[in-house]
Amino acid sequence: MEESELNFYQTIGDWDFSQIKYSTEKITNWNFYKIIEENTNEKSICLDLGTGGGENILKNYPEVGMIIATDFSDEMIKTAKENLKRYPTKNVKFIKMDNLNMKVPNDLFNLVSARHTVIDAKQIYDCLTENGIVVIEGVDKKDCWDLKRIFKRGQAYNDEFSISEQDYKGLEKAGFKQIKRVEILENEYYETEADLMALLQKTPIINDFSKIHSNNSIELDLFNEYVKKYKSEKGILLKRVLYGIVAKK
Ligand SMILES: C[S@@+](CC[C@H](N)C(=O)[O-])C[C@H]1O[C@@H](n2cnc3c(N)ncnc32)[C@H](O)[C@@H]1O
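A short tour of the structure in this document, coming up. (Residues numbered from 1 in each chain as written. Predicted model: local features only at pLDDT ≥ 70, side-chain atom pairs only at ≥ 80, totals over all residues.)

Before going further, it helps to examine the overall build of the protein. Helix and strand counts for the protein stand at 10 helices and 9 strands. Its C-alpha radius of gyration of 18 Å places the protein within 12% of the 18 Å reference for a compact globule of 249 residues. For the C-alpha atoms alone, the extent of the protein along its principal axes is close to 55 × 40 × 35 Å. The proportion of buried residues among the 249 residues of the protein is 36%. (Helix = DSSP H or I, 4+ residues; strand = E, 2+ residues; numbered from the N terminus. Rg over C-alpha atoms; globule rule 2.2 N^0.38 Å. Buried ≥ 20, exposed ≤ 12 C-beta atoms within 10 Å, placed from the backbone.)

Set out below in structure tokens:
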């Protein structure tokens, strides 16, 4: 799984969705970067795991002492270094690293952030300072559920336990205290069929990583069935179900 996932991200090479036209209606108000801001100051040393092409941290991360931002894909790190040129004052270093085999000193970071990426709770625990914070946002099993039900497949479709539950249990086992988990609900409206199709072709929502890499087929009849049901004046609705977790060492 990890190898096909790495191939997938190497091929994509960025996590930039700026070409896809959609709007977001927030139903809950948990905000990943705001939580990071509330738990850091201008001296904090932060680690962002699975940072992608840095698109989101460069735009949204608060001003902190230093950010080490890592990803296991060379292509993502290459894109991130290129994107950094547009943010000359941002104090961030992009480094290649596998989240499941972290090569960072113990007790160094005041905060570790991980958005939509895999984590190893124990390794995060070890690299945090006393009372250090981990902030996680992830995509849950019930994300885009009606779409997955029509296709009868998709990200975590057959998982017995939700991903947030797996993360929560991992954090508990690693020794974290004050673990808080919230559900994040958002409605996204895609302007056209082409915009929604572009999203499905760039993400593993319907097709898993190996399928996207080899043959990313999206059955048109099923796609059209979904569009017919969810098209409105606002656009084509996609109901997102994410989760947020904050925990303390
Ligand atoms: C969905 S993207 C999210 C990017 C970024 N965190 C954001 O929110 O914009 C997931 C990223 O995690 C990276 N990733 C996946 N598995 C990883 C692993 N085991 N170690 C390091 N990075 C990983 C991928 O290369 C990809 O860039």
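Mapped onto the fold, Ile-163 is located in helix 7 (residues 163-174). As for Ile-163 and Glu-63, which are separated by 100 residues in sequence, their C-alpha atoms are 30 Å apart. Dropping the residues within four chain positions of it, Ile-163 is found in contact with Gly-138, Asp-140, Lys-141 and Ala-156. (Contact = placed C-beta atoms within 7 Å.)

Within the largest apolar cluster, 43 residues are counted, with the highest numbers of intra-cluster contacts made by Ile-67, Val-112, Ile-124, Val-134 and Val-135. For this core, the element with the most residues is strand 6 (residues 128-139), which contributes 6 residues. Not counting residues within four places of it along the chain, the set of residues in contact with Val-112 comprises Leu-47, Leu-49, Ile-124, Cys-127, Leu-128 and Val-134. By size, the runner-up hydrophobic cluster in this structure holds 11 residues, among which are Tyr-190, Ile-205, Tyr-226 and Leu-238. (Core = buried A, V, L, I, M, F, W, Y, C linked by C-beta atoms within 7 Å.)

Not every one of the 19 residues close to the ligand is listed here, only the nearest: Tyr-9, Gly-50, Gly-52, Phe-72 and Arg-115. Contributions of two or more residues to the shell around the ligand are made by helix 1 (2-12) and helix 3 (55-60). Taken together, the residues of the shell around the ligand sort by class into 6 nonpolar, 8 polar and 5 charged. (Near = placed C-beta within 6 Å. Nonpolar A, V, L, I, M, F, W, Y, C, P; charged D, E, K, R; others polar.)

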